[in-house]
Structures are given as C-alpha cells and as structure tokens.
Amino acid sequence: MSSEDNASEGNEFRASDGELAALFAPEAVRAALIGLYRWHEEIAALPLRITEPMIGAMRIEWHREAVEALFADPVIVRRNPVIEGLSLAVHHAGGPQQEELNAILDAHGADFEGRRFESLADVTDHAAAADGRIARIAARMLDPGNFHPGAASAGLLCGRVRLLRQFPVRAGRQLAVIPDDALSEAGLNAARLATGREADAARAALEPVYLAAHEALIAARADMRGLPVAQFPALLPAALAAQCLKHVRRQRDPYRPSGEPGPMARQVRLIWASLTGRI
C-alpha cells in the first residue's frame, strides 16, 4: 500500500448518496448497507485519486484479496475501515457474494486498463456492472429472496449520473464518459477533451449522455411500480441522482461545475422521496 492510500484511509468519509439513503433503512440492516455503499464509494473513486495505472491495478488487487479473505474459512477481516464495513454487508442476510464484489472491482479496474466508452451501450454496461449491481445487492439485503427490477434500474441511473459528476477529472485523464461517436460529431477527441479548453464542444458531446441518463430516470420511475415497500431504501440513492442530474445538466461549463446540492437539500429530497414513494 502506498503512503497516498494510507493517508486517504485515515480521512473522514463524506456522506455519499448511498450512505444518506441508508439512514432511512431499518436499524437492523443500516450499518451493513452503509458498509456496502462506503466500499463502493472507495472503489469508484480510485481512478480519480490514482493517476498511475500500475498503482491503480495494485490497489484493485489489494481489494480483491481483501474480499477473498472475507469469504475464507476462517474469515479474515483486514484492519481497514472500508473492509471492516464491507464485512458487515458480506455477513448480513442477502449480502454480496464474492463473485459480485469481484465483478464490481473488474468494472472499475478497467479504468486502469485504458478503458474507452466506444458507445452509449458501453456506458450502460459499466453502470449496470457497478452501481446497478450495488443497488440489487442493497435491495436483497433489505428484502431477501424478493427480486424486483426497480432496484437495477435505479442503480443504472446512479451509475450514469456518477460518471457525469466525475466528468472534470475523468476528462483530464482521458477516461470521460463521452462515447467516441459523440466526440467525433463534436469535433473532439480524447486528447483535446483532456485540455479543458473547449467547453462548448464538450457540452455538445455530453448531450447524448445527458439524454441517456434522463431516459434511465424515466425507466427507473416506471420500473418502481409494484416495488415492495421493504426495498424502497435501496432506490433512494436514485432520488439524489435525479436531483444531481438536473443540476449538472444546467452547467454551461462541464469542466467547472458550480456546487452541487448541499446536505440540507439532499436530506429534503430524501424525505420527500420517502414520503411520496417517488424518485
């Protein structure tokens, strides 16, 4: 582990959308859900914090070995707050399986392998493999044995919005969510996008991604019909994703977005969603 990793692990967590949503879950599952969301937040942030592909790949492998240890006999929990939290989720009813966590690591690890989003379908695949899988696990932990498509759709929305929120950093590292065909149509390529000097062209290239995220929001709302009440907290992160999508799409310069909704606005949105049953 590098000194950078040690330092980051000692920092306090900023409450993620998932962590805030987990506060609306029953007490018996709340800590396990928070552990799951914090782990995913850590993994999803690795490509933003680590610039050297080899170091990033090593960090992914460190997490893979930590996950394997959680399923060993006897169980080994590494002394790390993220892994300790994940262990609560792994050993909770309906918790994540090893192959699910490895698939999430694979999805984010691809950023250290020169990933390119050649089409919107690639964006969808990534969002489904990471955030969609997390949402399905969360729904299962809340209501074991009762599958409903709403959670996967909500997770897909969260994944798309996460990539949009990360645009300024991802663009600078040539990992932006914009598909190749949209870049070409806007007269850009990954190298020019990384300079941050062509905000109008970048905004135009992002438009198909915004539209796809909005379509994901419509689909998530439709798929919520008939959702078991017990699973609703697993969809609450999508309420915050919908709020953020509206915010980021208003930005004139995607490289320099203004502040996102603050803690109070996020809490109000979650309360509204929990009272209305809508995202």
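Before reading on, note that the structure itself is shown above.
Throughout what follows, the structure given in this document is the object of discussion. As a convention, each chain's residues are numbered from 1 in the sequence order in which they are written. Whole-chain, interface and lining totals are the exception, using all residues; otherwise, since this is a predicted model, local features are given only for residues with pLDDT of at least 70 and side-chain atom pairs are given and counted only at 80 or more. The side-chain quantities take in all heavy atoms of the structure and omit both hydrogens and water.

1. Section: the overall build of the chain
Turning to step 1, where the next piece is worked out: Each helix corresponds to a stretch of at least 4 residues labelled H or I by DSSP, and each strand to a stretch of at least 2 residues labelled E; elements are numbered beginning at the N terminus. In terms of helices and strands, the chain carries 14 helices and 0 strands.
Turning to step 2, where the next piece is worked out: Helices and strands appear in the chain in the N-to-C order α-α-α-α-α-α-α-α-α-α-α-α-α-α.
Turning to step 3, where the next piece is worked out: Radius of gyration (C-alpha) of the chain: 18 Å, near the 19 Å computed for a compact globule of 279 residues.
Turning to step 4, where the next piece is worked out: Along the first, second and third principal axes, the C-alpha set of the chain runs to 55 × 45 × 30 Å.
Turning to step 5, where the next piece is worked out: Remark: exposure states derive from per-residue accessible area (1.4 Å probe, protein chains only) relative to the maximum for the residue type, with buried under 20%, exposed over 50%, and partly exposed in between. The buried share among the 279 residues of the chain stands at 51%. Within these notes, the globule rule equals 2.2 Å times the number of residues to the 0.38 power, and the radius of gyration is based on C-alpha atoms.

2. Quick notes on helix α5 (residues 81-90)
Turning to step 1, where the next piece is worked out: Along α5, 7 of the 10 residues are buried, which leaves the element largely enclosed by surrounding structure.
Turning to step 2, where the next piece is worked out: Within α5, the full set of buried residues consists of Val82, Ile83, Gly85, Leu86, Ser87, Ala89 and Val90.
Turning to step 3, where the next piece is worked out: Buried residues in α5 make contact with α3 (27-49), α4 (53-70), α6 (98-109) and α7 (120-142).
Turning to step 4, where the next piece is worked out: We define a polar contact as two N or O atoms separated by no more than 3.5 Å, with the added condition that, inside protein, one atom must be a possible hydrogen donor and the other a possible acceptor, whereas residues neighbouring each other in sequence contribute only through side-chain atom pairs. If you check the start of α5, you find a side-chain oxygen 2.8 Å away from the backbone N of valine 82, and it comes from asparagine 80. When checking whether two residues touch, look at their non-hydrogen atoms; a contact exists if any pair is within 4.5 Å.

3. What about the packing of aromatic side chains?
The geometry of an aromatic ring pair is captured by the separation of the ring centres together with the interplanar angle, meaning the angle of the planes.
Turning to step 1, where the next piece is worked out: The aromatic pairing rule takes the rings of Phe, Tyr and Trp, using the six-membered ring of Trp, and pairs them if the centres are within 6.5 Å, calling planes under 30 degrees apart stacked, those over 60 edge-to-face and the rest tilted. One pass over the structure, following the stated rule, counts 1 aromatic pair.
Turning to step 2, where the next piece is worked out: On the numbers, 5.2 Å between centres and 55° between planes, the contact of phenylalanine 167 with tyrosine 255 is tilted. Note that phenylalanine 167 is positioned in helix α9 (residues 167-172) and tyrosine 255 in the loop between α13 (232-249) and α14 (263-276), a separation of 88 residues in sequence.
Turning to step 3, where the next piece is worked out: On the basis of relative accessibility, which here comes to 13%, the residue tyrosine 255 falls in the buried class.
Turning to step 4, where the next piece is worked out: In this scheme, Lys NZ or Arg CZ marks a charge over a ring once it lies within 6 Å of the ring centre and within 35 degrees of the ring normal. The side chain of arginine 59 reaches across the aromatic face of tryptophan 62, ending 4.2 Å from its centre.

4. Side note on a nonpolar patch on the surface
Turning to step 1, where the next piece is worked out: A surface patch of nonpolar side chains, about 390 Å² in accessible area, is lined by Leu23, Phe24, Ile271 and Leu275.
Turning to step 2, where the next piece is worked out: Note that isoleucine 271 resides in helix α14.
Turning to step 3, where the next piece is worked out: A relative accessible area of 41% places isoleucine 271 in the partly exposed class. A patch is a set of surface residues, each over 30% in relative accessible area and not in a salt bridge, joined within 9 Å for like charges and within 5 Å for the nonpolar side chains Val, Leu, Ile, Met, Phe, Trp and Tyr. In short, Shrake-Rupley with a 1.4 Å probe defines the accessible areas, and a residue's cover is counted only from the protein chains shown. By definition, a salt bridge exists where a carboxyl oxygen of Asp or Glu is found within 4 Å of a side-chain nitrogen of Lys or Arg.

5. As for the nonpolar core
Turning to step 1, where the next piece is worked out: Definition used in this section: a nonpolar core is a set of buried Ala, Val, Leu, Ile, Met, Phe, Trp, Tyr and Cys residues joined via side-chain atoms within 4.5 Å. Membership of the largest hydrophobic core comes to 81 residues, with the highest contact counts inside it found for Leu33, Trp39, Phe167 and Leu193.
Turning to step 2, where the next piece is worked out: At 12 residues, the largest contribution of residues to this core is made by α13.
Turning to step 3, where the next piece is worked out: Other than its neighbours up to four places away in sequence, leucine 193 contacts Phe167, Ala171, Ala176, Ile178, Leu183, Leu188, Ala202 and Tyr255.

6. Considerations on unusual backbone geometry
Turning to step 1, where the next piece is worked out: Cis rather than trans, the peptide bond between aspartate 73 and proline 74 has omega equal to 10°.
Turning to step 2, where the next piece is worked out: Along the polypeptide, proline 74 turns up in the loop between α4 and α5.
Turning to step 3, where the next piece is worked out: Phi at glutamine 174 is positive, roughly 55°, even though this residue is not glycine.
Turning to step 4, where the next piece is worked out: Position of glutamine 174 relative to the elements: it lies in the loop between α9 and α10 (180-185).
Turning to step 5, where the next piece is worked out: Residue glutamine 174 is classed as partly exposed on the basis of its relative accessible area of 44%.

7. A look at the environment of alanine 238
Turning to step 1, where the next piece is worked out: Relative to the elements of secondary structure, alanine 238 occurs in helix α13.
Turning to step 2, where the next piece is worked out: In sequence terms alanine 238 and glycine 155 are 83 residues apart; their C-alpha atoms lie 6.9 Å from each other.
Turning to step 3, where the next piece is worked out: Aside from chain neighbours lying at most four places away, what touches alanine 238 is Ala154, Leu157, Cys158 and Ile279.

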